[in-house]
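Structural features, examined
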Amino acid sequence: MRLSDLQTGEKAVIVKVLGHGAFRKRIMEMGFIRGQRVEVLLNAPLKDPIKYKIMGYEVSLRRSEASMVEVISLDDVYRANDGEPARSSVSFLEEETVKQMVDRSAKTINIALVGNPNCGKTSLFNVASGAREHVGNYSGVTVDAKKGYFTYKGYHFNIYDLPGTYSLSAYTPEEIYVRRHLREETPDVIVNVVVASNLERNLYLTTELIDMDVSMVIALNMYDELENSGNVLDYDTLGGMIGVPVIPTVSKSGRGIENLFDTVIDVYENQNPKVRHIHINHGPVIEQGIKVLKDALKTDPRIIKHFSPRYLAIKLLEGDREVENLLRKEQNFGSWMTLRDKEKSKIEKTLGEDVESAVANEKYGFISGALKETLTWGNKETAHLTHLIDSLVTSKVLGFPIFLFLMWLMFEATFTVGAYPMSWIESGVGLLSEWINSIMLEGPLKDLIINGIIGGVGGVIVFLPNILILYFFISFMEDSGYMARAAFI
Ligand code: GDP
Ligand code: MG
């Protein structure tokens, strides 16, 4: 339950504060930390702010702020204690129940998997939750969020597999979906899945998440491919630079997954030394615009609970319609828009390009700077080979003939090669029924065994070789990555 749900006079214990970093920090500095008791001094239904008593002080929170604080009502604790002991006396028994209930609630971690399409989110979701979702190579397989559960080291994890996105703007349904999820579900920790062998593009989304100021861990996925490429990434240094722990994973095999969730727990418990909120510098001109807007937005605590003011400022400057709609209800909306238009045109006049491209350029500049210091290119042989194969199997001229040849090969092998074991099985089954025919007396039992069991089962298993060969080819094409190329052409 949320702090804002409590009535005047009710008491509760704090479980956790949700929302982005700066917001959480401010609320926690006021004393709203796990295990603290809080009492509602004044909460009238339409009244904002609400008055609380915590650590012996009186503090006021906006209703919207209080709705981001998860609590356990002491009434629920008494109920768990069968109504005993009475409200006034704080007994040992009650303390224990409170502690247990807070612990139980605090040990639930909500995770969202955020990353580009095909970066391995669903594979990670599957190894973590044990669910058997189908892993597709073509984009658009994940159109909805899937939820999974698992427990690890005494923590209960709720994990969401979100649709793949390249950025967090409002251009595609996937982007809007992911952003809405982050805003409405406020995950405790975001696992940003990035493809280790394609960092330049994958880290773009990461820079946007950094703007959002969310708790996050990076899963450096497909680390096996990076190793095979001969390139070396100093991921510890990279993590230190961007203030986000980076954990190598291979979600196909499960390597690194335990380490990933150990780190998620650390970040959740605010115990990871790497975690630090950085500002990606967008250059003096844009930063000036961001600052002006941010300062204006900051004065309204109602809107900054889910997204950081810096993120909102950047998105407003970029002309993000969804963010505008989010703020439309606010009373200062008009003046923000005037300010935005002024800053936007100032930036565009000075830089000679629209804000969106300018921001993207600066972000890519930041990424390539970070990679220059941490990524060492090794031998390019394998990468070269991959490119060669890629250009061959997806080429305009050869792509389709190769595809048709592979399809022909698959079915030819299935039926022509499969015909041999098929005939062996057929004759084996025939021999078996002949032999039984010769040793058994006529009667219904013999009929059942020969025509029913051997005939029935035999009729099915003759197809086993075909099925095995067909599935062998399909698996081979999926795992070699050819399926992705075929989907592409
Ligand atoms: P999603 O679109 O982010 O959900 O990505 P998927 O989980 O569907 O994975 C896309 C493809 O990448 C699949 O073919 C996976 O088998 C493959 N894949 C996932 N994780 C890894 C990994 O760690 N290493 C390698 N080599 N391939 C992976
Ligand atoms: Mg998926």
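Sequence order sets the numbering: in each chain, residues are counted from 1 along the sequence as written. For this description, chains carry letters from A and ligands carry numbers from 1, given in the order in which they are written. The predicted nature of this model means local features are confined to residues of pLDDT at least 70 and side-chain atom pairs, given and counted, to a pLDDT of 80 or more, with totals for whole chains, interfaces and linings taken over all residues. To obtain the side-chain values, all non-hydrogen atoms of the structure were included, while hydrogens and water were left out.

Before going further, it helps to spend a moment on the sheet that holds strand 6 (residues 108-115). DSSP calls a pair of strands paired once it identifies at least 2 bridges connecting them. Note on conventions: DSSP H or I runs of at least 4 residues are helices, E runs of at least 2 residues are strands, and numbering of each starts at the N terminus. Taken together, the 6 strands give an open sheet; going across it, the order is 7-8-6-9-10-12, and neighbouring strands pair in mixed fashion. Of all the strands in the sheet, the pair left with one neighbour each is strand 7 (146-152) and strand 12 (246-248). Between one strand axis and the next, the sheet turns through 25 degrees on average, direction left out of account. The contact criterion used throughout is that any non-hydrogen atoms of two residues lie within 4.5 Å. Orientation is described by axes fitted as lines to C-alpha atoms, over the contacting stretch for helices, and by angles from 0 to 180 degrees between their N-to-C directions. Along the sheet face, helix 6 (residues 173-184) touches strand 6, strand 8 (155-161) and strand 9 (189-195) and points at about 160 degrees away from the line of strand 6.

A few words on a nonpolar patch on the surface. Only residues whose relative accessible area exceeds 30% and that form no salt bridge enter a patch; like-charged residues are grouped when within 9 Å of one another, and nonpolar side chains (Val, Leu, Ile, Met, Phe, Trp, Tyr) when within 5 Å. The protein chains shown are the only cover counted for residues, whose accessible areas, like all others here, come from Shrake-Rupley with a 1.4 Å probe. What counts as a salt bridge is simple: a side-chain nitrogen of Lys or Arg found within 4 Å of a carboxyl oxygen of Asp or Glu. Residues Leu 445, Leu 448, Ile 453, Val 457, Ile 461, Leu 464 and Leu 468 make up a contiguous nonpolar surface patch of about 640 Å² in total accessible area. Elements supplying a minimum of two residues to the nonpolar patch: helix 18 (444-461) and helix 19 (464-480). Of the residues forming the nonpolar patch, the biggest block, 5 residues, is contributed by helix 18. Along the polypeptide, Val 457 turns up in helix 18. The exposure class assigned to Val 457 is partly exposed, which follows from its relative accessible area of 47%. Here the term buried applies to any residue with accessible area under 20% of the maximum for its type, exposed to any over 50%, and partly exposed to those in between, with areas from a 1.4 Å probe on protein chains only.

As a further point, take the pattern of salt bridges. By the definition in use, this model includes 24 salt bridges. Ionic pairing is found between Lys 146 and Asp 161, a salt bridge with its closest N-O pair at 3.5 Å. Taken together, the residues span a long stretch of sequence, with Lys 146 in strand 7 and Asp 161 in strand 8 at a distance of 15 residues. Grouping residues by exposure puts Lys 146 and Asp 161 together as buried. The salt bridge partner of Arg 485 is Asp 390, with a shortest N-O separation of 2.6 Å. Separated by 95 residues along the polypeptide, Arg 485 in helix 20 (residues 482-488) and Asp 390 in helix 16 (residues 381-393) bring together distant segments of the chain. We classify Arg 485 as partly exposed; its relative accessible area is 24%.

Interaxial distance between helix 17 (residues 399-439) and helix 19 falls to 7 Å at its minimum, and their mutual angle equals 150 degrees. With respect to their mutual orientation, helix 17 and helix 19 come out roughly antiparallel. Handedness of the crossing formed by helix 17 with helix 19: right-handed. Contact with helix 17, carried on its side by Met 407, Leu 409, Met 410, Phe 411, Ala 413, Thr 414, Phe 415, Val 417, Gly 418, Pro 421, Met 422 and Ile 425, involves Pro 465, Asn 466, Ile 469, Leu 470, Phe 473, Ile 474 and Met 477 of helix 19 and no other residues of that element. Throughout this description, any angle smaller than 35 degrees is read as roughly parallel, any larger than 145 degrees as roughly antiparallel, any in the 65 to 115 degree range as roughly perpendicular, and the remainder as oblique. Helix crossings are classified by the rotation of the near helix relative to the far one: an anticlockwise turn of less than a right angle makes the crossing left-handed, while a clockwise turn makes it right-handed.

A separate point is the site of ligand 1. Nearness is judged by heavy atoms alone; a residue qualifies as near a molecule or strand once a single heavy atom is within 4 Å of it. Near ligand 1, the surroundings consist of 18 residues, among which Asn 118, Lys 121, Thr 122, Ser 123 and Asp 224 are the closest. Whenever two N or O atoms come within 3.5 Å, that pair is a polar contact, provided that in protein one can donate a hydrogen and the other can accept it, and provided that, for residues adjacent in sequence, both atoms are side-chain atoms. Gly 120 has a polar backbone atom sitting 3.0 Å from an oxygen atom of ligand 1. Note that an oxygen atom of ligand 1 is positioned 2.8 Å from one of the side-chain N or O atoms of Lys 121. About the coverage of ligand 1: the protein hides 89% of its 580 Å² of free accessible area. The greatest single-element share of the shell around ligand 1, amounting to 3 residues, is contributed by helix 5 (residues 121-129). Three classes are used, and their members are as follows: Ala, Val, Leu, Ile, Met, Phe, Trp, Tyr, Cys and Pro are nonpolar, Asp, Glu, Lys and Arg are charged, and the others, Gly among them, are polar. For the shell around ligand 1, the residue count by class is 5 nonpolar, 9 polar and 4 charged.

Stacked, edge-to-face and tilted labels apply to pairs of Phe, Tyr and Trp rings (six-membered ring for Trp) whose centres lie within 6.5 Å, assigned for plane angles under 30 degrees, over 60, and everything in between, in that order. Scanning all chains against the criterion turns up 11 aromatic pairs. Ring centres 4.8 Å apart and planes at 5 degrees place the aromatic pair Phe 150 and Phe 157 in the stacked group. No difference in accessibility class separates Phe 150 from Phe 157, as the two residues are buried. Grouped by ring-pair contacts, the aromatic residues Phe 150, Phe 157 and Phe 261 constitute a single cluster.

Turning our attention to the environment of Asp 341. Along the chain, Asp 341 turns up in helix 14 (residues 333-351). The exposure class of Asp 341 is partly exposed, given its relative accessible area of 42%. The spatial distance from the C-alpha of Asp 341 to the C-alpha of Leu 317 is 7.9 Å, given a sequence separation of 24 residues.

Our focus in this paragraph is the side chain of Lys 315. Considering the arrangement of structural elements, one finds Lys 315 in helix 12 (residues 309-318). Accessibility expressed as a relative area gives 1% for Lys 315, which makes it buried. A distance of 3.5 Å separates the side chain of Lys 315 from the side chain of Ser 169, its partner in a polar contact. Filtering out sequence-adjacent residues up to four positions away, Lys 315 remains in contact with Leu 168, Ser 169, Arg 179, Glu 208, Asp 320 and Val 323.

Another aspect to go through is the layout of surface pockets. Here a cavity means grid points, on a 1 Å grid over the protein atoms only, where a 1.4 Å probe fits yet cannot get out; a pocket means an open set of points with protein on both sides within 12 Å along at least five of seven lines; lining residues are those with an atom within 4 Å of a point. Grid points are joined across faces, edges and corners, and a volume is the space filled by probe spheres set on the points. Roughly 630 Å³ of internal volume is contained in the second largest pocket. For the second largest pocket, the lining is made up of 32 residues, of which His 20, Gly 21, Ala 22, Asp 213 and His 277 are closest to its centre. For the lining of the second largest pocket, the secondary-structure elements that each account for two or more residues are helix 1 (21-29), helix 7 (199-212), helix 11 (284-298) and helix 12. Looking at the lining of the second largest pocket element by element, the count peaks at 7 residues for helix 1. Tallied by class, the residues present in the lining of the second largest pocket amount to 14 nonpolar, 10 polar and 8 charged.

Sheet architecture is open: 5 strands sit in the order 4-3-2-1-5, paired in antiparallel fashion. A strand with exactly one partner marks an edge of an open sheet, and here the two such strands are strand 4 (57-61) and strand 5 (69-73). Adjacent strand axes in the sheet meet at a mean angle of 40 degrees, parallel and antiparallel pairs treated alike. With 3 bridges joining them, strand 1 (residues 11-17) and strand 2 (residues 37-42) adopt antiparallel strand pairing. What sits directly across from Val 13, in strand 2, is Arg 37. The sheet strands contacting helix 1 are strand 1, strand 4 and strand 5, and the helix crosses strand 1 at an angle near 145 degrees.

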